[in-house]
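Summary of structural features
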Amino acid sequence: MFISGIFWELDLMPATLQQVAEFSPVTHFHRSLRNLMILDSTEGSR
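Residues numbered from 1 in each chain as written. Predicted model: local features only at pLDDT ≥ 70, side-chain atom pairs only at ≥ 80, totals over all residues. Heavy atoms only, no water.

Named according to an unreviewed UniProt entry, the protein chain is Transposase originating from Halovenus salina.

Below, the structure is given as structure tokens:
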């Protein structure tokens, strides 16, 4: 969960950890949930 970007933005992490986070399903779940709940959108953009 620490690497997935839930606790802090992925942009604040080193590039290596950002690449590792892309393989985590929690990262993608968090992005989707954020887009839906906060941005009120179901678009697939970052």
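In terms of regular secondary structure, the protein chain is built from two helices and zero strands. In the protein chain, buried positions account for 17% of the 46 residues. Taken as a whole, the protein chain presents about 3800 Å² of accessible surface, with 64% of it coming from carbon and sulfur. (Helix = DSSP H or I, 4+ residues; strand = E, 2+ residues; numbered from the N terminus. Buried < 20%, exposed > 50% of the residue type's maximum accessible area, 1.4 Å probe, protein only. Areas by Shrake-Rupley, 256 points an atom, 1.4 Å probe, with all protein chains shown as cover.)

Before going further, it helps to examine the side chain of Thr27. Summarising the element assignment, Thr27 is placed in helix H2 (residues 25-37). Using a relative accessible area of 1% as the deciding quantity, one classes Thr27 as buried. From its side chain, Thr27 meets the backbone oxygen of Ser4 in a polar contact 3.3 Å long. (Polar contact = N/O pair within 3.5 Å; in protein donor to acceptor, adjacent residues only side chain to side chain.)

A grouping of Met1, Phe2, Ile3, Ile6, Phe7, Trp8, Leu12, Leu17, Val20 and Val26 is seen on the molecular surface, where their side chains present a nonpolar patch of about 960 Å² in accessible area. Structurally, Trp8 is set in the segment before helix H1 (15-21). Look at Trp8 and you get partly exposed, because its relative accessible area is 40%. (Patch = residues over 30% accessible without salt bridge, like charges linked within 9 Å, V, L, I, M, F, W, Y side chains within 5 Å. Salt bridge = Lys/Arg side-chain N within 4 Å of Asp/Glu carboxyl O.)

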